[in-house]
2 protein chains.
Amino acid sequence: MPINAVFEALAHPVRRQVLALLRQRPMSAGELAGHFPLSKPTLSAHFAKLRDAGLVVVERQGTTLVYHLNMSILEEALSGLLAFRERDQ
Amino acid sequence: MPINAVFEALAHPVRRQVLALLRQRPMSAGELAGHFPLSKPTLSAHFAKLRDAGLVVVERQGTTLVYHLNMSILEEALSGLLAFRERDQ
DNA sequence: CTGCTAATTAGTCAATCTACTAAATATCGT
DNA sequence: ACGATATTTAGTAGATTGACTAATTAGCAG
């Protein structure tokens, strides 16, 4: 899970808002999409970036996909930034 | 200083590496540029994004411009992310 | 298996990003 | 004022992003 993907995922306000919503509780793609004035395919692409970064994990429940926040990846990126390890930056 | 500019500035590995270098000590644009296989104008554009985000401040010393890390802005963004304030993110 | 709902994938387009080279600006020393 | 050095600004090209609509896939109910 390259750390670069995490920072790129965090670079868009919609994706940060998705993370904020998921912090309250897991939500389906449709429920999340209802919080934004954007089409579902557009949101789906945002979800994909968050998934690729490992910031969220997805679980299928019948026909709906439920997204969960993965705090550990976020904390990893934050600690990397705080410590400014030379490793990857 | 919109928080969004901070996250966008952090989204590029070269800019994160610049911050890591400045964490050691302030450096001139030229010295920073020497650490990357990129043209000076390209680095100058990266510096501009870091400046716009408030992550670095610049001080002129004769003919050279010396960049300093501005940790407080970085910590502000991090704490916002850790706390996940609904405010902006 | 047909139809219905949930969500993603495909395809497109305008805008932004990142790199480059060439030109301009700023400061210092003579 | 001139020339040298440090850095940015201007202009350009190719790649990526973020939005949309239309089409596809996945699962469930009858």
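Residues numbered from 1 in each chain as written. Chains lettered and ligands numbered in written order. Predicted model: local features only at pLDDT ≥ 70, side-chain atom pairs only at ≥ 80, totals over all residues. Heavy atoms only, no water.

### Remarks on the pattern of salt bridges
All names here are of chain A.
And step 1. In the structure shown here, the tally under the stated rule is 2 salt bridges over all chains.
And step 2. Between R25 and E31 there is a salt bridge, with its nearest N and O atoms 2.7 Å apart.
And step 3. By relative accessible area, which is 41% here, R25 ends up partly exposed. (Salt bridge = Lys/Arg side-chain N within 4 Å of Asp/Glu carboxyl O. Buried < 20%, exposed > 50% of the residue type's maximum accessible area, 1.4 Å probe, protein only.)

### Considerations on the confidence of the model for chain A
And step 1. Taken over all residues, the pLDDT of chain A has a mean of 90, while the share at 70 or more is 90%.
And step 2. In this model, residues 85-89 of chain A is a region of pLDDT below 50 whose contacts with residues beyond four sequence positions or in other chains number 12 contacts. (pLDDT = per-residue confidence, 0-100. Contact = heavy atoms within 4.5 Å.)

### With respect to the protein's contact with DNA strand D
And step 1. Taken together, 22 residues surround DNA strand D, and among them T42 and H46 of chain A together with G30, T63 and Y67 of chain B come closest.
And step 2. Counted by atom, the contact set of DNA strand D within 4 Å of the protein is 78% sugar and phosphate.
And step 3. Between a phosphate oxygen of DNA strand D and a side-chain N or O atom of R15 of chain A, the distance comes to 3.2 Å.
And step 4. A distance of 2.5 Å separates a phosphate oxygen of DNA strand D from a polar atom in the side chain of H46 of chain A.
And step 5. Only α4 (40-52) of chain A together with α3 (29-33), α4 (40-52) and β3 (64-69) of chain B provide two or more residues apiece to the surface near DNA strand D.
And step 6. The greatest single-element share of the surface near DNA strand D, amounting to 5 residues, is contributed by α4 of chain B.
And step 7. For the surface near DNA strand D, the residue count by class is 7 nonpolar, 10 polar and 5 charged. (Near = heavy atom within 4 Å. Polar contact = N/O pair within 3.5 Å; in protein donor to acceptor, adjacent residues only side chain to side chain. Helix = DSSP H or I, 4+ residues; strand = E, 2+ residues; numbered from the N terminus. Nonpolar A, V, L, I, M, F, W, Y, C, P; charged D, E, K, R; others polar.)

### A short note on helix α1 (residues 3-10) of chain B
And step 1. The complete set of buried residues in α1 of chain B reads I3, V6, F7, A9 and L10 of chain B. Buried residues along α1 of chain B cover an arc of 160° about the axis, so they all sit on one side. (Arc of directions from axis to C-beta.)

### Concerning the protein's contact with DNA strand C
And step 1. By nearness alone, 22 residues border DNA strand C, and G30, T63 and Y67 of chain A together with T42 and H46 of chain B come closest of all.
And step 2. When the atoms of DNA strand C within 4 Å of the protein are grouped by moiety, sugar and phosphate amount to 77% of the total.
And step 3. At 2.5 Å, a side-chain N or O of Y67 of chain A approaches a phosphate oxygen of DNA strand C.
And step 4. The biggest single contributor to the surface near DNA strand C is α4 of chain A, with 5 residues.
And step 5. Class assignment of the residues belonging to the surface near DNA strand C gives a composition of 7 nonpolar, 10 polar and 5 charged.

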